[in-house]
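Each chain, written out:
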Amino acid sequence: MKPTASGIAVSSYWDFLTQNEHRIQDADIGAATIEAPIAWRKGGYFYLPKQTWEALFTKEQTRETLRILHDKGLFEYGDGRNLGSKLSGVENGPSRALKISEKIRDVRVSEMSDVSEEPCF
């Protein structure tokens, strides 16, 4: 069985965060500050700035990937026509970032159980 588009999206995103966990800033008050964070964790969500997202997906892949994650309840669109949600009260953070639920961990496990070991190119 070939990996599904949603399985690839979830896996790519989660693998990136796992490999770079040391560069994710915890936005809780009193958390240690990380130099040059790639994402922020706040209130059960990861907030990824545009630059981090572009390291994962091409511009062409972005719309489909976000749609897949939104359909699974893992991505929240910003207000109006903004893809990014407001990220307030976070020192050294962007004003807007892509808001993706930490629940992606659970989805990744179930998605990957349906994926074969064959590489997908």
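Here's what I pulled together on the structure shown here. Predicted, not measured: the structure shown is a model, and the values here were computed from it. Every residue gets a number counted from 1 within its own chain, in the order that chain's sequence is written. This being a predicted model, a pLDDT of at least 70 is required before a residue's local features are given, and a value of 80 or more before pairs of side-chain atoms are given or counted; all residues contribute to the totals for chains, interfaces and linings. By convention in this description, side-chain values take in all heavy atoms of the structure and omit both hydrogens and water.

### Regarding the nonpolar core
With 20 residues, the main nonpolar core has Tyr13, Trp53, Leu69 and Ile104 as its most contacted residues. Taken together, the elements giving at least two residues each to this core come down to helix 1 (5-19), strand 3 (45-48), helix 2 (50-56), helix 3 (59-71) and strand 6 (96-101). The leading source of residues in this core is helix 1, at five residues. By the convention used here, residues are in contact when the closest approach between their heavy atoms is within 4.5 Å. For Ile104, the contacting residues outside a window of four places in its chain are Val10, Tyr13, Trp14, Leu69 and Leu74. Within this scheme, the nonpolar core is defined by two criteria: the residues are buried Ala, Val, Leu, Ile, Met, Phe, Trp, Tyr or Cys, and they are joined through side-chain atoms within 4.5 Å. Each residue is assigned to one of three classes by its accessible area relative to the maximum for its type, calculated with a 1.4 Å probe on protein chains only: buried under 20%, partly exposed between the two thresholds, exposed over 50%. We count a stretch as a helix when DSSP gives it H or I for four or more residues in a row; a strand needs E for two or more, and each element gets its number in order from the N terminus.

### Quick notes on unusual backbone geometry
Although it is not a glycine, Ala36 adopts a positive phi angle of roughly 55 degrees. Following the sequence through the fold, Ala36 ends up in the loop between strand 1 (24-26) and strand 2 (39-42).

### Describing the environment of Ile38
Relative to the helices and strands, Ile38 is located in the loop between strand 1 and strand 2. Taking the C-alpha atoms as reference, Ile38 lies 8.0 Å from Asn20; in sequence the two are 18 residues apart. Contacts of Ile38, omitting those with residues within four sequence positions, involve Phe16, Asn20, Arg23, Ile24, Leu48, Pro49 and Thr52.

### Some remarks on the packing of aromatic side chains
Working definition: rings of Phe, Tyr and Trp (its six-membered ring) pair if their centres are within 6.5 Å, and the pair is stacked with planes under 30 degrees apart, edge-to-face with planes over 60 apart, and tilted otherwise. For the coordinates displayed, the defined rule picks out four aromatic pairs. For the ring pair Trp53 and Phe57, a centre distance of 4.7 Å and an interplane angle of 40 degrees mean the geometry is tilted. The two residues Trp53 and Phe57 agree in class, both being buried. In this structure, Lys99 packs its charged tip against the face of Tyr45, placed 4.5 Å from the ring centre. Definition used: whenever NZ (Lys) or CZ (Arg) falls within 6 Å of the ring centre and also within 35 degrees of the ring normal, the charge is taken to sit over that ring.

### Quick notes on the pairing of strand 2
Pairing between strands is defined by DSSP: at least two bridges between the two strands are required. Where strand 1 meets strand 2, three bridges bridge the pair, whose relative direction is parallel. Paired with Ile24 across the strands is Ala39, a residue of strand 2. In this structure, strand 2 lies alongside strand 3, joined through three bridges in antiparallel fashion. Across the sheet, Trp40 pairs through a bridge with Tyr47, a residue of strand 3. Following strand 2, the chain reverses through two residues before pairing antiparallel with strand 3; Gly43 in that reversal takes a positive phi of roughly 55 degrees.

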